[in-house]
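The primary structure of each chain is shown beneath.
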Amino acid sequence: MPREPLQILAPDGTITAEPPIGIDETRRLYRAMVAGRLYDRKCTALQKQGRLATYAPFQGQEAAQIGAAAVLRPEDWMVATYRDAAAMWLQGYPWLNLILGRTGDERGGQAPDGVNVLPPSITVGAHMIHAVGLAWGERLQGRDRVAMTFFGDGATSEGDFHEAMNFAAVYGTATVFICQNNGWAISLPRERQTVAETIADKAVGYGMPGEYVDGNDLFAMYAVAAAAVDRARRGEGPTLIEALTYRVGPHTTADDPGRYRNQAEADAWAARDPLERVRRYLEKEGAWDAAWQEAIEADEGDLIEAAVAEAEAIAEPGVADVFDFMFADRPSHLDHQIELLQRDRGAGRA
Amino acid sequence: MPREPLQILAPDGTITAEPPIGIDETRRLYRAMVAGRLYDRKCTALQKQGRLATYAPFQGQEAAQIGAAAVLRPEDWMVATYRDAAAMWLQGYPWLNLILGRTGDERGGQAPDGVNVLPPSITVGAHMIHAVGLAWGERLQGRDRVAMTFFGDGATSEGDFHEAMNFAAVYGTATVFICQNNGWAISLPRERQTVAETIADKAVGYGMPGEYVDGNDLFAMYAVAAAAVDRARRGEGPTLIEALTYRVGPHTTADDPGRYRNQAEADAWAARDPLERVRRYLEKEGAWDAAWQEAIEADEGDLIEAAVAEAEAIAEPGVADVFDFMFADRPSHLDHQIELLQRDRGAGRA
Amino acid sequence: MPEVTIAQALNMALDEALATDPTVLILGEDVGATGGVFRITDGLQHRHGAERVVDTPVAESGIVGAAFGLAITGMRPVAEIQFLGFAYPAYDQLVSHVSRIRNRSRHRFTAPLVVRIPYGGGIGAAEHHSESSEAILAHTPGLKVVVASRPYDAKGLLAAAIADPDPVIFLEPIRSYRAVKEEIPDQPYLVPIGEAGIEREGSDVTLVGYGAAMRDVRRAADRLAEGGVAAEVIDLRTLVPLDAATLVSSVTKTGRAVIVQEGHRTAGFAAEVVARLQEDALYSLLAPIERVTGWDTVVPLRRGEQHYIPDADRIVAAARRTLEA
Amino acid sequence: MPEVTIAQALNMALDEALATDPTVLILGEDVGATGGVFRITDGLQHRHGAERVVDTPVAESGIVGAAFGLAITGMRPVAEIQFLGFAYPAYDQLVSHVSRIRNRSRHRFTAPLVVRIPYGGGIGAAEHHSESSEAILAHTPGLKVVVASRPYDAKGLLAAAIADPDPVIFLEPIRSYRAVKEEIPDQPYLVPIGEAGIEREGSDVTLVGYGAAMRDVRRAADRLAEGGVAAEVIDLRTLVPLDAATLVSSVTKTGRAVIVQEGHRTAGFAAEVVARLQEDALYSLLAPIERVTGWDTVVPLRRGEQHYIPDADRIVAAARRTLEA
Ligand SMILES: Cc1ncc(C[n+]2csc(CCOP(=O)(O)OP(=O)(O)O)c2C)c(N)n1
Ligand SMILES: Cc1ncc(C[n+]2csc(CCOP(=O)(O)OP(=O)(O)O)c2C)c(N)n1
Ligand SMILES: [Mg+2]
Ligand SMILES: [Mg+2]
């Protein structure tokens, strides 16, 4: 296992190896990272105004998410968490759905047809095995779709991580495991989550390749994820990728990181900002200027604003929204329960 | 990770390194292995006669169990499985209890005072974390007791194995994990349980030492277990030991291995019998003869017969045996349920 | 029509499903070469291949979680958990994901899978091998819970479960696997989920049971008949969705009911049946509804099992009490 | 006597236990420096040290399994699971081991541990954060299940749970944590496990609830009183062992009962209360016992929660029905 994470793009914007993508694609992904950052800021602000339920910011993790998600085909599967909005969005999950979900509305969970992204996993750990079953099912049906799953350092302690890794390796499914090691699981630092040297090391016990990558480096993430996805698609099995990154913000808007970590650490990581790194690179390459930055921020910001407006305009869910999605056809016991509810409500109003 | 399991005593009875124990101790442990073998045969026979419930034979695994258990102090903890009677017995769990348990009687689960051996775990996987909590609790109370847990190759696939290994490593508990890799988990061969090269490799992901040992070699087992227990007792944390062995008999008396494995494999392993190996060594050392063999078989056999007789003489459990061990004091709802049972039984007889 | 056991009927249903629907796949511990510890999948791997009848590592959460992913892609996985006592590690997958993905995604993703689980005591097995914790599954919204008690239903209900667009927990009564026999069609057929079966009509008292307990319920009904009491016998067959209409109309007629459940008493499924009946048929009740249940104890091992498992004696005693009230 | 919230009362109980009993130890996710997501363990690690208030990896089965081993050695672990929706991965440890070791070893080994779990909805939280699956725990023999609804009981019951020689599941109503206040002694005291509390006497109808629902039960009783109906209000406080005697004597007096439970309806704990009451008080019943419950649906998210959670309106409506029957 390498002890230094793979890096292609240094924090100062210089490259130490050939980038896996050209300038156009880099600009596209930079723009996606910017969009993610804007979304993150917007949601944090909305939550403060009480317009969203608790929100989990991902500032600092944009390169890990965008770099990995960028290598997927549109029909590939993604199974991610509450902190992976940028990855999900790049794979086709609309801002509208993400925001609607955060207002506390099940309708956010309905990905558009053709977008094979599961609703974000709120439980920690259980979802990775789903990506194993998905890839397995695709193979059985003769399709070469890959399933990529995102999770945190904390999630690697759950028993379900272990079962997912083992099943993926035993059946050789086309599953790519992306662990965003952002240093913390709420208040528990990575060193007390596990005493393994790296999370990538955990692949050894499953006979699976494990990659250790600078998760704030868009190019390194892209390169490693692309190789893993290619292997997976060729039928050569799963890969674990540890993206070393940092959660710059609080765990959620309800969290106070001051209770458990010192600001210096967060500041140090802010200096390794994944967006700024790509910006410097693009600027050096003559492919970035302030006007473009302003333009993409305006355009992406407008799209997010529009999604917020649309989400907030959606009518309150009714009783049918509670009962009518449990089964394909509403069974007799739920009919009965709707009657009971209506009887109570009738009486209450009367 | 070494790819060849550590061996000290070769199948032909010659040694390739200094044995960890002298002739007297070797004779004592050989005798324990013989006792285990006799118990195993007896139970298999009793089960055929319908006098025991399903029984899980451990023939072939005696060295792994006796070699590991032998290094413990009397007050150390053991948390083992349905297939680990030899280890449990050596740690002080009486044949009587083991047999009683196999007749289907909860009273078998009551270890004598001072014997810190939990009743055999029937669920696969859940018990290893108990050995973590036990060792942790001892340390918190200022005692240097070690907790040794036994489990199979199959158990390593359960999520609870993962959580136990991680907790042990994170808290540095004095837990020694003994995996008897006996080649099979019912009908699933080791290669399809996990594609890791060895089970010992699984230690890497927890930052824990992993040892790969010839489990049919009493000396190697003893040496590796002793080192692990010493480390643990010194407060240097847990160890995973993979004992490479083989389940010569069926999974249980209800199993038909002919359905899933070929006899040649079992025969090959029978030639690596752990008892015969020590016998040859002792014979070479002039410390074994047929008369002694006969004598220990007679003596150990008598003890087992006596335990069987005692177990079978114990009166059938009554209603109190069902209700009175759920809580320290029987709560009102169980009083009520006993009344209901007695009312039904009274009416039934009337 | 061949006379078959429940075990054989289940094997037939699985065989037919594999033969007719290429998306059906069986996965579980030892389901392949051995055919499962109860031999329910006997011969299926041989006939349909190791890609479709898949042995898994020993990891129940993994089995159900993988089946969940498979189902979302359009497969129809039929997972086997070896015993109900080993389903608990998979409970989180069931309650948090399998039962909810349809609701969470507003019908966009669905999990049409079946989890087959042998349950119940009476064979003198080791601890954890005699569980009847169906109430826990019935208390989990989004799961259908089916329990067959006889070969005809076993085959037809399992076929219906596999065809169902939603997740179905299919509980198999261990001690009836080979003890109950009847002639059943060797062609495919369905028994609808959600319908109780009235096995025997009667006017004096309604006996309600399901699964393994049905043998004792039938015995009790025979004994009551010998004493001149006409018991109506209802086999619930499906716990969720519960066929309340059939129950209510029977008890409205008889005025008396005994609910038999092997599971632990407190908050067991019998309590639900009682609650439902008193809601909709209180004024017809001539006596308190009796619950004949297992106790709030660990299921005793072989030597003590008879103190726990409801038997015909206890059912008869309870029925007589309703008649004497 | 200080006026405190439930959250503060729990913190006091834990603080006192740590101060007086060296075997007490707290473990769970984020219980240390942050004081838990609900700040129930706030300040405790600082006061009692990181050896006694221990942050764990994110692994619920590991937390409960480790607590189990700790308890066997003589420690008194108090484990925290962050939300009831995250307790499912630990359910196997609870049902297969924690609840059974005493029986399995015939009193030789015991597990005197407490698992504290915030539960219930009403705060517009994300999915899995609003569960009320107490029925599942109540259906697990060998566990005691306690649910406090007010600060006085919260402190005294938690102290009793820690002192109890057997495993206790201690459920904490999330939406009442800071909403219910009262004056409580700042000295240690116990509220006995297994005793319901009659909060208010009344002769017309018995309202039974527990935990978070009690606020709505109290509101409903007030509204009924305004309409001239004298409701008797019972807070179960302990689900297992259930204080059936108090329930039966109340309903024998009033002849009418409404049981309120936020959990899903089918096979929920209210069904047990109904079953028990109709067994022992059928002939006193003047109307069907009403269950006011959550539904057999996923608990809706923030925008739809009001369709799910029983509120005072529904309780009043149910009580009126029993009076009009
Ligand atoms: C099964 C489960 N246990 C606990 C939680 C509460 N919880 C939410 S996020 C979190 C920490 C997860 O850390 P990590 O996996 O590193 O992801 P991150 O939040 O850092 O992105 C915890 C404990 C949960 N959601 N699910
Ligand atoms: C949680 C759980 N799942 C399944 C079983 C059924 N079962 C009993 S033994 C066994 C195989 C275990 O294999 P291994 O761990 O290698 O131990 P061995 O039997 O070979 O000693 C299985 C699947 C169980 N007892 N517990
Ligand atoms: Mg993290
Ligand atoms: Mg094995």
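You'll find the structure just up there.
Small disclaimer: the values here were computed from a predicted structure and weren't measured.

Criteria and thresholds
Residues numbered from 1 in each chain as written. Chains lettered and ligands numbered in written order. Predicted model: local features only at pLDDT ≥ 70, side-chain atom pairs only at ≥ 80, totals over all residues. Heavy atoms only, no water. Helix = DSSP H or I, 4+ residues; strand = E, 2+ residues; numbered from the N terminus. Rg over C-alpha atoms; globule rule 2.2 N^0.38 Å. Buried < 20%, exposed > 50% of the residue type's maximum accessible area, 1.4 Å probe, protein only. Areas by Shrake-Rupley, 256 points an atom, 1.4 Å probe, with all protein chains shown as cover. Lys, Arg positive; Asp, Glu negative; His and termini not counted. Charge placed at Lys NZ, Arg CZ, Asp CG, Glu CD. Donors = N, O, S within 2.8 Å, 3.2 Å for Na, K, Ca; no water. Contact = heavy atoms within 4.5 Å. Buried area = accessible area lost by both parts, 1.4 Å probe. Salt bridge = Lys/Arg side-chain N within 4 Å of Asp/Glu carboxyl O. Polar contact = N/O pair within 3.5 Å; in protein donor to acceptor, adjacent residues only side chain to side chain. Least-squares fit on C-alpha atoms with pLDDT ≥ 70 in both. Phe/Tyr/Trp six-rings, centres within 6.5 Å; stacked < 30°, edge-to-face > 60°. Lys NZ or Arg CZ within 6 Å of the ring centre and 35° of its normal. Near = heavy atom within 4 Å. Nonpolar A, V, L, I, M, F, W, Y, C, P; charged D, E, K, R; others polar. Pairing = 2+ DSSP bridges. Axes fitted to C-alpha atoms, helices over the stretch in contact; angles between N-to-C directions.

(A) Fine view of the overall build of chain C. Helices and strands together make up the secondary structure of chain C, namely eleven helices and 14 strands. Its C-alpha radius of gyration of 19 Å places chain C within 12% of the 20 Å reference for a compact globule of 325 residues. Projected onto the principal axes, the alpha-carbon positions of chain C cover approximately 60 × 40 × 40 Å. Per-residue burial over chain C gives 78% buried out of 325 residues. Total accessible area on chain C is roughly 7,900 Å²; 49% of this is exposed by carbon and sulfur atoms. If the 32 positive side-chain charges of chain C are averaged to one point and the 42 negative ones to another, these points end up 1 Å apart.

(B) Examining the coordination of the magnesium ion (ligand 3) more closely. Residues and elements named next belong to chain A. All of the protein donors around the magnesium ion (ligand 3) are Asp153 (OD), Asn182 (OD1) and Trp184 (O); their distances to the metal are 2.0 to 2.1 Å. Counting the intervening residues between successive donors of the magnesium ion (ligand 3) yields the motif D-x28-N-x1-W. Taken individually, Asn182 and Trp184 each receive the classification buried, so the pair is uniform in this respect.

(C) Structural context of the interface of chain B and chain A. Between chain B and chain A, the contact holds 21 residues from the first and 21 residues from the second. Of the roughly 1,600 Å² buried at the junction of chain B and chain A (both faces included), carbon and sulfur atoms supply 52%. Scanning the region where chain B abuts chain A turns up zero salt bridges. Our count for the chain B to chain A interface comes out at ten residue pairs in polar contact (both at pLDDT 80 or more). Those elements giving two or more residues to the side of chain B that touches chain A turn out to be α6 (159-171) and α7 (190-193) of chain B. Ranked by the residues each element gives to the side of chain B that touches chain A, the list is headed by α6(B), at seven residues.

(D) How the structure looks around the relation of the copies chain C and chain D. Rotating chain C by 180° about the axis while translating it 0.0 Å along that axis superimposes it on chain D, leaving an RMSD of 0.0 Å. Both copies are brought into coincidence by an operation consistent with a two-fold rotation axis. Taken as a fraction of all interface residues of chain C, those also at the interface in chain D reach 100%, which identifies the copy contact as same-surface.

(E) Layout of the environment of Pro11(A). Residue and element names in this part refer to chain A. Tracing the sequence through the fold places Pro11 in the segment before α1 (23-48). Along the backbone, Pro11 and Asp217 are 206 residues apart, and their C-alpha atoms lie at a distance of 8.1 Å. Ignoring anything within four residues of it in the chain, the contact list for Pro11 reads Arg277 and Arg280.

(F) View of the packing of aromatic side chains. Per the stated rule, a full pass over the model turns up 43 aromatic pairs over all chains. Plain terms: the ring middles of Tyr39(B) and Phe58(B) are 6.4 Å apart, the flat faces sit at 20° to each other, and that makes the pair stacked. In this pair, Tyr39(B) sits in helix α1 (residues 23-48) while Phe58(B) sits in the loop between α1 and α2 (62-69), placing the two residues 19 residues apart along the sequence. Owing to a relative accessible area of 1%, Tyr39(B) belongs among the buried residues under this scheme. Take Phe58(B): its relative accessible area is 0%, and that puts it in the buried class. One aromatic cluster is present, built from ring pairs that chain together Tyr39(A), Tyr55(A), Phe58(A), Trp89(A) and Trp95(A). Geometry around Trp292(A) places Arg27(A) over its ring, the cationic atom sitting 4.0 Å from the centre.

(G) Molecular detail of the site of ligand 1. In the vicinity of ligand 1, 20 residues are found, and the nearest of them are Tyr82(A), Arg83(A), Asp153(A), Gly154(A) and Glu60(D). Taken together, the residues near ligand 1 originate from chains A and D. In the environment of ligand 1, a nitrogen atom lies 3.0 Å from a nitrogen or oxygen atom belonging to the backbone of Val124(A). A distance of 2.5 Å separates a nitrogen atom of ligand 1 from a polar atom in the side chain of Glu60(D). Taking 570 Å² as the accessible area of ligand 1 by itself, protein coverage stands at 95%. For the shell around ligand 1, the residue count by class is nine nonpolar, six polar and five charged.

(H) Representation of the side chain of Thr156(B) in the model. Among the structural elements, Thr156(B) can be located in the loop between β2 (147-152) and α6. Here Thr156(B) falls in the buried class, since its relative accessible area comes to 1%. In this view, Thr156(B) contacts His162(A), Phe151(B), Phe161(B), Cys179(B), Ile199(B) and Lys202(B); residues no more than four positions away in its chain are not counted.

(I) View of the sheet that holds strand β6 (residues 210-214) of chain B. All names here are of chain B. Strand order in this open sheet of five strands is β1-β2-β3-β7-β6, and the pairing throughout is parallel. Lying at the two open borders of the sheet, with one neighbouring strand each, are β1 (77-79) and β6. Going across the sheet, the axis of each strand differs from the next one's by a mean of 20°, ignoring polarity. Relative to β2, β1 runs parallel, the two sharing three bridges. Looking at the pairing, Trp77 lines up with Ala147 of β2. Sheet strands touched by helix α5 (residues 128-140): β1, β2 and β3 (175-181). Its angle to β2, the strand with the most contacts, is close to 175°.

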